[in-house]
Amino acid sequence: MTQKVAVVTGSSSGIGFETSLVLARNNFHTYATMRNPEKGGKMRTIQSGENLPIEIIQLDVTSDKSVSDAIQSILSRSGRIDVLVNNAGYGLVGAFEELGMDEIKEQYETNFFGVIRVTQAVIPIMKEQKSGLIVNISSGAGRFGYPGGSAYVSTKFALEGLSESMAYELDRFDIKVALVEPGFVRTSVVAKKSQDPDSEYSKMTEKMAERMEVMRQNASSSELVANVVLEAVTSRNPNLRYLAGKDVEQWIKQKKKMSDKEFFNMIKHSLS
């Protein structure tokens with residue numbers, strides 16, 4: 001039986017790193033892609049020590065040429081792509097009013113348009129095979145908003161809608177789509193203006209920083225999320241959505257049983 005081929009974006013650290021290792025350890029020929037392959041030293045060490053079927057490929061999801069070159073290189077080497085894990089992304093923190101347009105655009109280029117670039121490059125390959133699975137790493141933030149997260153949250157809401165729509169369109173080609181929704185995101189960047197202590201939103205930003213520190217201590221590990229991805233890619237009939245972590249499970253449970261006003265007040269009071 002032909003070894004299945006997986007492509008993972010944003011594999012230099014965090015969820016992408018662990019997902020590449022988990023898939024390779026479960027006999028997927030895994031292409032761990034990253035913007036800067038020089039950051040793949042730790043993965044190369046593990047790959048060599050365990051003799052894992054991993055290849056590190058340069059891929060910048062914000063570049064049309066980089067995406068095209070990487071996918072064509074993978075296709076020429078392996079002849080197929082069975083699993084695509086769109087993981088590359090980061091969180092931008094800051095009050096909406098204070099976000100620079102360049103900061104918002106950069107957030108969307110990576111978190112949303114990056115997914116579009118890579119997925120559109122891979123779909124024709126999966127259609128030719130008449131099979132495939134696309135896993136998009138979303139977030140609990142794709143299901144509800146919170147203060148200071150407007151840019152990041154909106155990219156994940158967009159990703160949820162994109163994925164759900166794609167699932168209908170691609171089903172006729174036996175291509176499945178799955179969303180994995182982790183809880184707290186460790187990789188965050190604070191917007192420039194929100195770092196100003198004289199900002200009108202400085203108290204909110206301070207409270208959010210305190211809350212994030214608590215959430216960081218209780219956050220689900222990247223290994224846990226990677227194993228949820230493995231559950232999806234090894235399922236005969238994968239779900240559309242997978243929650244990944246006790247924190248996000250609790251948030252979604254509360255969101256379901258509360259009215260919008262009740263949930264709004266709960267989040268508001270947690271920052272008061």
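Look up: the structure comes first, before these words.
Keep in mind the model is a prediction, meaning the values are calculated, not measured.

Engineer: I keep staring at the overall build of the protein and nothing clicks. Help me out?
Structural biologist: Of regular secondary structure, the protein possesses nine helices and nine strands. Taken over the C-alpha trace, the protein has a radius of gyration of 19 Å; the compact-globule value for 272 residues is 19 Å, and the two agree within 12%. Taken along its principal axes, the extent of the C-alpha atoms in the protein is 60 × 40 × 35 Å. Buried positions account for 49% of the 272 residues belonging to the protein.

Engineer: Can you walk me through empty space enclosed by the protein in this structure?
Structural biologist: If a probe as big as a water molecule is rolled over the atoms, it shows which places are left empty. Within the structure shown, the criterion is met by one cavity of 30 Å³ or more. In terms of lining residues, the largest cavity is bounded by T9, V61, N86, N87, A88, T110, G114 and V115. The element that contributes the greatest number of residues to the lining of the largest cavity is helix 4 (residues 101-129), accounting for three residues. For the lining of the largest cavity, the per-class residue count stands at three nonpolar, five polar and no charged.

Engineer: Honestly, the packing of aromatic side chains in this entry has me stumped. Any pointers?
Structural biologist: The description of an aromatic ring pair rests on the distance of the ring centres and on the angle between the ring planes. All chains considered together, the criterion is met by five aromatic pairs. Look at Y108 and F113: their rings are 6.4 Å apart centre to centre, the planes differ by 50°, and that puts the pair in the tilted class. Looking at F113, the relative accessible area reads 36%, which means it is partly exposed. Seen in terms of ring centroids, F144 and F263 are 5.4 Å apart; in terms of plane orientation they differ by 65°. Their pairing is edge-to-face. Placement of the pair is F144 in the loop between strand 6 (132-137) and helix 5 (150-170) and F263 in helix 9 (residues 260-270), with a sequence separation of 119 residues. Residue classification places F144 among the buried residues on the basis of a relative accessible area of 6%. Residue classification places F263 among the buried residues on the basis of a relative accessible area of 5%. An aromatic cluster is present here, built from Y108, F112 and F113 joined pairwise through their rings. A cation over an aromatic ring shows up here: K127 above the ring of F173, its NZ or CZ 4.7 Å from the ring centre.

Engineer: Honestly, the environment of Q217 in this entry has me stumped. Any pointers?
Structural biologist: Tracing the backbone through its elements, the reader meets Q217 in helix 6 (residues 202-218). The exposed category is assigned to Q217, whose relative accessible area is 60%.

Engineer: Help me understand the packing of helix 1 (residues 14-25) against helix 2 (residues 41-50), please; the structure alone is not making it clear to me.
Structural biologist: Any two packed helices are characterised by the angle at which their axes cross and by the distance between the axes. Viewed as axis vectors pointing N to C, helix 1 and helix 2 meet at an angle of 15°, and their least axial separation amounts to 11 Å. Relative to helix 2, helix 1 is oriented roughly parallel. When you trace helix 1 past helix 2, the crossing you get is right-handed. Packed against helix 1, whose contacting residues are F17, S20, L21 and R25, the element helix 2 presents K42, M43, I46 and E50 at the interface. Residue composition of the contact of helix 1 with helix 2, grouped by class: four nonpolar, one polar and three charged.

Engineer: How should I be thinking about helix 4 in this particular structure?
Structural biologist: Side chains of residues three or four places apart in an α-helix project in the same direction, reflecting 3.6 residues per turn. Here helix 4 contains 29 residues, and its C-alpha end-to-end distance of 40 Å stays within 8% of the 42 Å for a straight helix at 1.5 Å per residue. Count one or two residues on from helix 4 and you reach K130, which has phi positive near 65°.

Engineer: Would you take a moment to explain helix 8 (residues 246-257) for this structure?
Structural biologist: For helix 8, spanning twelve residues, the distance from its first C-alpha to its last is 17 Å, which sits close to the expected 16 Å at 1.5 Å a residue. Restricting attention to buried positions, one finds in helix 8 the residues D247, V248, I252 and Q254. Across the axial projection of helix 8, the buried residues extend over an arc of 160°, all falling on one side. Relative to its buried face, helix 8 has exposed residues pointing more than 90 degrees away, namely K246, K253, K256 and K257. The inward-facing, buried residues of helix 8 contact strand 7 (175-182), strand 9 (241-244) and helix 9.

Engineer: What is the right way to read the pairing of strand 3 (residues 54-58) from this model?
Structural biologist: A regular strand carries its side chains on alternate faces of the sheet. Where strand 2 (residues 29-34) and strand 3 come together, five bridges link them in parallel fashion. Its bridge partner being in strand 3, T33 is matched across the sheet by I57. Read as a crossover between parallel neighbours, the route from strand 2 over helix 2 to strand 3 is right-handed.

Engineer: Where do I start with the sheet that holds strand 9 in this structure?
Structural biologist: Strand pairs in the sheet, formed through backbone hydrogen bonds, run parallel or antiparallel to each other. Taken in spatial order, the seven strands make up an open sheet running 3-2-1-4-6-7-9, and their pairing is parallel. Each end of this open sheet is capped by a strand with a single partner; those strands are strand 3 and strand 9. Within this sheet the neighbouring strands show an average axis-to-axis angle of 20°, counted without direction. The sheet strands contacting helix 3 (residues 64-78) are strand 1 (5-8), strand 2 and strand 3, and the helix crosses strand 3 at an angle near 150°.

Rules used throughout
Residues numbered from 1 in each chain as written. Predicted model: local features only at pLDDT ≥ 70, side-chain atom pairs only at ≥ 80, totals over all residues. Heavy atoms only, no water. Helix = DSSP H or I, 4+ residues; strand = E, 2+ residues; numbered from the N terminus. Rg over C-alpha atoms; globule rule 2.2 N^0.38 Å. Buried < 20%, exposed > 50% of the residue type's maximum accessible area, 1.4 Å probe, protein only. 1 Å grid on protein atoms, 1.4 Å probe; cavity = no way out; pocket = protein on both sides within 12 Å on 5 of 7 lines; lining within 4 Å. Points joined across faces, edges and corners; volume = space filled by probe spheres on them. Nonpolar A, V, L, I, M, F, W, Y, C, P; charged D, E, K, R; others polar. Phe/Tyr/Trp six-rings, centres within 6.5 Å; stacked < 30°, edge-to-face > 60°. Lys NZ or Arg CZ within 6 Å of the ring centre and 35° of its normal. Axes fitted to C-alpha atoms, helices over the stretch in contact; angles between N-to-C directions. Parallel < 35°, antiparallel > 145°, perpendicular 65-115°, else oblique. Left-handed = near helix turned anticlockwise from the far one by under 90°. Contact = heavy atoms within 4.5 Å. Expected span 1.5 Å × (residues − 1). Arc of directions from axis to C-beta. Pairing = 2+ DSSP bridges. Right-handed = clockwise from strand over helix to strand, strands pointing away.

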